[in-house]
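Listed here are the chains, written in short residue letters.
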Amino acid sequence: MTDSMLAGVELGGTKCVCVLATRAGEILAEERVDTLAPEITLPQIKQVLARWFGAGRPIGGLGIASFGPVDIDGASPRWGHIGQTPKPGWAGIAVAQELGEGLGVPIALDTDVNGAALAELRWGAAAGLEDFAYVTIGTGVGVGLIVGGKPIAGFGHSELGHMRIARVPGDTWPGSCPYHGDCVEGLAAGPAIVQRSGMRASLIAADDPIWHLVGHAIAQMLHNIVLTATPRRIFLGGGVMAAQPQLFPIIRRELQASLAGYVSSPELDRIDDYVTAPGLGTRAGPLGPIALAAALAPQAVRQVIPAA
Ligand code: ADP
Ligand code: ZN
């Protein structure tokens, strides 16, 4: 076998993770690079990749799981470019082209959360499920909504974390999203919790009323996701969920209350299994680009011509 390994890069807001893994998802090497300006960070990542590819290893593809917005439309002339982002210097950068240059392997590109969702499908708690949602509540709110084994996509990737929702009656806090104010991310992501409470999230008591407001916002998003795609399961991960497990029962209760019995399914009846934690833990992120490379869905693939 000449291509039994895959390389991946997870481009994150604070750090980037380079991964070398087998096609079976076994991580062989992992190297971290801080996310600074692209002219600093991208050459550092390229150095890692050059070292791995240059060692004569049989690497069959490169997966890139990137923060968004990023153009993942294979038919677009802007494929591989980062979109409008507040991250200094990154808007318009051709990350896939820069990272893949000279490697001579096909590239699969998608968002970080879609990558993590597909890793859960291939190797984690979503194994055997064609239809599910992988949600991360962390610095932002991201959703990988998998339908028929693929992330939903049209001209771009979905941004379900920015959906608008019904508020808790009487709650008028404006929210923290610079674009939408009180979208789900503006109400439930880590920075929103810190802004609203005025203290570090780790110092807020587990029975503080703020968790009801946060859980309600997440449950409202899940209401819309259930009615949109009827996923067979919903996985809730990310730093906020990991640190605040009391959110799970709040979210389950609020989701059932909001759906009000309108949709019924054996899956939804077992709400503790239906809304649950993901399986790969901290490996979901780094395995995301490996899952993308392992799938190499046609619309996400570009063959990069090796440098002369
Ligand atoms: P990221 O979203 O940056 O990729 P994580 O999913 O690990 O990474 O989430 C990190 C975020 O989790 C932090 O930005 C912070 O907002 C939030 N967080 C960290 N610790 C806590 C805590 N104890 N309680 C609630 N939220 C927390
Ligand atoms: Zn928003």
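Just above, that's the structure.
Residues numbered from 1 in each chain as written. Chains lettered and ligands numbered in written order. Predicted model: local features only at pLDDT ≥ 70, side-chain atom pairs only at ≥ 80, totals over all residues. Heavy atoms only, no water.

Student: Would you mind showing me how to read helix α8 (residues 247-259) here?
Tutor: In an α-helix, one full turn covers 3.6 residues, which means residues spaced three or four apart are oriented alike. The terminal C-alpha atoms of α8 lie 18 Å apart, and with 13 residues this matches the ideal 18 Å at 1.5 Å per residue to within 8%. All of the buried residues along α8 are L247, F248, I250, I251, R252, E254, L255 and L259. One or two steps after α8, the chain reaches A260, where phi turns positive at roughly 55°. (Helix = DSSP H or I, 4+ residues; strand = E, 2+ residues; numbered from the N terminus. Expected span 1.5 Å × (residues − 1). Buried < 20%, exposed > 50% of the residue type's maximum accessible area, 1.4 Å probe, protein only.)

Student: Could you clarify how one ought to interpret the sheet that holds strand β8 (residues 150-151) in this entry?
Tutor: Paired through their backbone hydrogen bonds, the strands of a sheet run either parallel or antiparallel. Pairing within the open sheet is mixed, and its five strands lie in the order β8-β7-β6-β9-β10. In this open sheet, the two strands that pair with only one neighbour each are β8 and β10 (275-276). Contacts from helix α3 (residues 112-123) reach β6 (132-137), β7 (141-147) and β8 within the one sheet, and its direction differs from that of β7 by about 50°. Where helix α6 (residues 210-229) meets the sheet, it contacts β6, β7, β9 (234-237) and β10, and its direction lies at approximately 20° from that of β7. (Pairing = 2+ DSSP bridges. Contact = heavy atoms within 4.5 Å. Axes fitted to C-alpha atoms, helices over the stretch in contact; angles between N-to-C directions.)

Student: Sorry if this is basic, but what is going on with empty space enclosed by the protein here?
Tutor: Here the idea is plain: a probe the size of a water molecule rolls over the atoms and shows the empty space left. All told, the structure shown has one cavity of 30 Å³ or more when counted by the stated rule. Considering the residues around the largest cavity, the lining is formed by I165, R167, V168, D171, L187, L213, H216 and A217. With three residues, the top contributor of residues to the lining of the largest cavity is α6. Of the residues in the lining of the largest cavity, the class split is five nonpolar, one polar and two charged. (1 Å grid on protein atoms, 1.4 Å probe; cavity = no way out; pocket = protein on both sides within 12 Å on 5 of 7 lines; lining within 4 Å. Points joined across faces, edges and corners; volume = space filled by probe spheres on them. Nonpolar A, V, L, I, M, F, W, Y, C, P; charged D, E, K, R; others polar.)

Student: What is the right way to read the coordination of the zinc ion (ligand 2) from this model?
Tutor: Reference geometry at the metal: tetrahedral coordination by four donors gives ideal angles of 109.5 degrees; octahedral coordination by six donors gives 90 or 180 degrees. Here the zinc ion (ligand 2) is held by the protein donor atoms H162 (ND1), C177 (SG), H180 (ND1) and C183 (SG), which lie 2.1 to 2.4 Å from it. If you look at the zinc ion (ligand 2), its four donor atoms make angles of 102 to 120° with each other, and the shape they trace is tetrahedral. Counting the intervening residues between successive donors of the zinc ion (ligand 2) yields the motif H-x14-C-x2-H-x2-C. Residue H162 is located in the loop between β8 and α4 (184-188), and its partner H180 is located in the loop between β8 and α4; the two are separated by 18 residues in the primary sequence. (Donors = N, O, S within 2.8 Å, 3.2 Å for Na, K, Ca; no water. Tetrahedral: all angles 85-135°; square planar, octahedral: opposite > 155°, others 65-115°.)

Bear in mind that shape data such as this cannot, by itself, settle questions of function.
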